[in-house]
Amino acid sequence: QVQLVESGGGLVQPGGTLRLSCAASGSILAFSAMAWYRQAPGKQRELVAAITKAGSTNYENSVKGRFTISRDNAKNTLYLHMNDLKPDDTAVYYCKATGFLTDYWGQGTQVTVSS
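Attention here is on the structure that accompanies the text. Remember, predicted model here, so these are calculated numbers, not experimental data.

Conventions and cut-offs
Residues numbered from 1 in each chain as written. Predicted model: local features only at pLDDT ≥ 70, side-chain atom pairs only at ≥ 80, totals over all residues. Heavy atoms only, no water. Buried < 20%, exposed > 50% of the residue type's maximum accessible area, 1.4 Å probe, protein only. Helix = DSSP H or I, 4+ residues; strand = E, 2+ residues; numbered from the N terminus. Pairing = 2+ DSSP bridges. Disulfide = S-S within 2.5 Å. Axes fitted to C-alpha atoms, helices over the stretch in contact; angles between N-to-C directions.

Before going further, it helps to spend a moment on the pairing of strand E8 (residues 77–82). Across the six residues that make up E8, a large majority, five, are buried. Note that strand E3 (residues 18–24) and E8 share six bridges and pair antiparallel. Within E8, the residue paired with Leu18 across the bridge is Met82. Two elements, strand E7 (residues 67–72) and E8, share six bridges in a ladder whose sense is antiparallel. Residue Asp72 lies in a different strand from E8, and its bridge partner there is Thr77. In this structure, the hairpin formed by E7 and E8 is closed by a connection of four residues, where Asn76 is found at a positive phi of approximately 55°.

Below, the structure written as structure tokens:
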């Protein structure tokens, strides 16, 4: 059973920086793609950024130029580097891995942007 464990969330002031990590229990090369989603209170979960096994990336419009998704295959870890954070970025952030027949989700990590 694949396990994904997110970390790195917390409270940060507007304009601040955070790096989220998602550690997988096995090789992330087994996944065709990995992604970060977020869900704010009262809102639907939305895709923030995704990266394929080949390294292609895509981003939700509001985070383009501020967030960077990356993966370290040797460490079996997915990252989300978040710069210039805004209050609207406040949400629970989830890691997702796309397997052969199913998707796997982490438990989420809270990011709060507030002064």
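All right, on to the state of the cysteines then. Throughout the structure, instances matching the rule amount to one disulfide. The disulfide bridge from Cys22 ends at Cys95, spanning 2.1 Å between sulfur atoms. Here the S-S torsion is close to -70°, and the disulfide linking Cys22 with Cys95 is therefore left-handed. Linking Cys22 in strand E3 with Cys95 in strand E9 (residues 91–98), this pair joins segments that are 73 residues apart in sequence. Exposure class is identical for Cys22 and Cys95. Each is buried.

On to the environment of Gly26, then. With respect to the element layout, Gly26 can be found in the loop between E3 and strand E4 (33–39). With relative accessibility at 29%, the residue Gly26 sits in the partly exposed group. Taking C-alpha positions, Gly26 is 29 Å from Ala40, a pair spaced 14 residues apart along the chain.

Looking now at the sheet that holds strand E1 (residues 4–7). Remark on secondary structure: sheet strands pair via backbone hydrogen bonds, oriented parallel or antiparallel. Sheet architecture is open: four strands sit in the order E1-E3-E8-E7, paired in antiparallel fashion. Looking at the sheet topology across the chains shown, the edges are occupied by E1 and E7. This sheet shows a mean twist of 15° between the axes of neighbouring strands, independent of strand direction. Sheet topology note: the E1/E3 ladder contains four bridges and is antiparallel. When the bridges of E3 are listed, Leu4 appears paired with Ala24.

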